[in-house]
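Here's the letter readout for the chains.
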Amino acid sequence: LGAKKGVLILDMRDARTGEQLAYFEKENIITKDAGILAARLFRNSLDPSAAQNNGLTMLAVGTGATGNLLSPDAPQNTQRKLNNEIARKAFAAAQYRNASGVAVAFPTNIVDFTTVYGEAEAVGPLNEMGLVSTASLNPATLNPINNGPTGYDATIDVTGKDITVNYLTFSVVTKPATATLAITWRLTF
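Residues numbered from 1 in each chain as written. Predicted model: local features only at pLDDT ≥ 70, side-chain atom pairs only at ≥ 80, totals over all residues. Heavy atoms only, no water.

Participant: Hey, could you run me through the confidence of the model for the protein chain in this one?
Facilitator: Low pLDDT means the predicted atomic positions in that stretch should not be read closely. With 93% of its residues at a pLDDT of 70 or more, the protein chain has an overall mean of 88. At the level of individual helices and strands, the protein chain shows its lowest average pLDDT in strand β1 (residues 6-13), which scores 73, and its highest in strand β6 (residues 85-90), which scores 97. (pLDDT = per-residue confidence, 0-100. Helix = DSSP H or I, 4+ residues; strand = E, 2+ residues; numbered from the N terminus.)

Printed below as a string of structure tokens:
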């Protein structure tokens, strides 16, 4: 999420004349409880569509990490999609955890997102994955942002696009068709 900070801009003007009566800019703190809200919104947000979860919805896995298979290039914060996505799937569970890692039934600043790929799913030499807030809840419908990691363009309208929130590269792990794969991605805010 980058550096956490806030800035207050206060501009008070006379309603009739428009004369500036007071103005200042001041940095403020982001509270620890803001992390609870961020975790809650990532787990399930009803914005922009109240008819569906618009928070994090799926885990995508792929075979396209750049660099050496046993030591791929480090991920970049400008990554907007997997390089070679081969499967994506909705989370089997999204579970809050306390600071000790114990599952709890109330919002905290820690959320585990778990996805389980069956025998016929995500078969191949995996070396990249990402948490995605998808535009469609159908895992077969891809709406990638075709930009980045080099030449990142922040002016692209991402409405109706899949938003990759976390991206990871790792040494190749080959998943055969005879195996199941459970992946839990823990986010702490």
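Once you've had a look at it, read on.
Participant: Help me understand the pattern of salt bridges, please; the structure alone is not making it clear to me.
Facilitator: Charged atoms that come close allow side chains of opposite charge to pair. This model, assessed by the stated rule, comprises five salt bridges. The shortest N-O distance in the salt bridge between glutamate 85 and arginine 88 comes to 2.7 Å. Glutamate 85 sits in the partly exposed class, given a relative accessible area of 23%. A network of salt bridges, in which partner residues are shared, links Glu85, Arg88 and Asp162. (Salt bridge = Lys/Arg side-chain N within 4 Å of Asp/Glu carboxyl O. Buried < 20%, exposed > 50% of the residue type's maximum accessible area, 1.4 Å probe, protein only.)

Participant: I'm lost on a nonpolar patch on the surface in this one. Help?
Facilitator: On the surface, Leu10, Met12, Leu21 and Phe24 cluster together to form a nonpolar patch covering roughly 350 Å² of accessible area. Among the secondary structure elements, those contributing two or more residues to the nonpolar patch are β1 and β2 (20-28). Classification of methionine 12 as partly exposed rests on a relative accessible area of 45%. (Patch = residues over 30% accessible without salt bridge, like charges linked within 9 Å, V, L, I, M, F, W, Y side chains within 5 Å. Areas by Shrake-Rupley, 256 points an atom, 1.4 Å probe, with all protein chains shown as cover.)

Participant: Sorry, what's going on with the layout of surface pockets here?
Facilitator: Which parts of space are left empty comes out when a probe the size of a water molecule is rolled across the atoms. Estimates place the volume of the largest pocket at around 660 Å³. Contributing elements (two or more residues each) for the lining of the largest pocket: α1 (33-43) and β10 (163-175). Among the elements that line the lining of the largest pocket, the one with the most residues is β10, at five residues. Class assignment for the residues of the lining of the largest pocket results in 12 nonpolar, 12 polar and three charged. (1 Å grid on protein atoms, 1.4 Å probe; cavity = no way out; pocket = protein on both sides within 12 Å on 5 of 7 lines; lining within 4 Å. Points joined across faces, edges and corners; volume = space filled by probe spheres on them. Nonpolar A, V, L, I, M, F, W, Y, C, P; charged D, E, K, R; others polar.)

Participant: Which parts of the structure should I look at to understand the environment of glutamate 121?
Facilitator: Position of glutamate 121 relative to the elements: it lies in the loop between β8 (110-117) and β9 (124-133). Glutamate 121 sits in the partly exposed class, given a relative accessible area of 30%. Taking the C-alpha atoms as reference, glutamate 121 lies 9.2 Å from alanine 179; in sequence the two are 58 residues apart. When sequence neighbours within four positions are dropped, the list of residues in contact with glutamate 121 reads Lys89, Val116 and Lys175. A polar atom in the side chain of glutamate 121 sits 2.8 Å from the side chain of lysine 89. Looking at glutamate 121, its side chain comes within polar contact range of the main-chain nitrogen of glycine 118, at 2.5 Å. (Contact = heavy atoms within 4.5 Å. Polar contact = N/O pair within 3.5 Å; in protein donor to acceptor, adjacent residues only side chain to side chain.)

Participant: Honestly, unusual backbone geometry in this entry has me stumped. Any pointers?
Facilitator: Glycine aside, residues mostly have negative phi angles, and peptide bonds mostly take the trans form. Of the consecutive residues glycine 148 and proline 149, the connecting peptide bond is found in the cis state with omega at 0°. Mapping proline 149 onto the fold places it in the loop between β9 and β10. Of note in the backbone geometry, alanine 122 takes a positive phi value of approximately 55° without being a glycine. For alanine 122, the position within the fold is in the loop between β8 and β9.

Participant: Explanation requested: the sheet that holds β9 in the structure shown.
Facilitator: Sheet strands line up and pair through hydrogen bonds in the backbone, either parallel or antiparallel. If you trace the four strands from one edge of the open sheet to the other, you get β6-β3-β9-β10, paired in antiparallel fashion. Each of the sheet's edge strands pairs with one partner strand only, and the pair in question is β6 and β10. Across this sheet, the average inter-strand angle for adjacent strands is 20°, counted without regard to direction. (Pairing = 2+ DSSP bridges. Axes fitted to C-alpha atoms, helices over the stretch in contact; angles between N-to-C directions.)

Participant: Got a minute to help me understand the nonpolar core in this structure?
Facilitator: One recurring pattern in soluble globular proteins is that nonpolar side chains are buried together. Judged by nonpolar contacts, the single largest core of 20 residues is most densely connected at Leu59, Val61, Phe113, Tyr117, Leu131 and Leu187. Elements with a minimum of two residues in this core: α1, β3 (58-62), β8, β9 and β11 (181-188). Once residues lying within four places of it in the same chain are set aside, the contact partners of leucine 131 are Leu56, Met58, Leu59, Phe91, Phe113, Ile163, Thr164, Val165, Asn166, Trp185 and Leu187. (Core = buried A, V, L, I, M, F, W, Y, C linked by side-chain atoms within 4.5 Å.)

Participant: What's the story with the packing of aromatic side chains in this structure? I'm lost.
Facilitator: Aromatic rings in a pair are described by how distant their centres are and how their planes are angled relative to each other. Throughout the structure, instances matching the rule amount to two aromatic pairs. Ring centres of phenylalanine 42 and phenylalanine 189 lie 5.1 Å apart, and the angle between their planes is 85°; this geometry places the pair in the edge-to-face category. Of this pair, phenylalanine 42 sits in helix α1 while phenylalanine 189 sits in the segment after β11, and the two are 147 residues apart along the sequence. A centroid spacing of 4.9 Å and a plane angle of 45° characterise the contact between phenylalanine 91 and phenylalanine 113, whose relative ring orientation is tilted. One end of the pair, phenylalanine 91, is in the loop between β6 and β7 (93-97); the other, phenylalanine 113, is in strand β8, and 22 residues separate them in sequence. Relative accessible area serves as the criterion here: at 16%, phenylalanine 91 is assigned to the buried category. (Phe/Tyr/Trp six-rings, centres within 6.5 Å; stacked < 30°, edge-to-face > 60°.)

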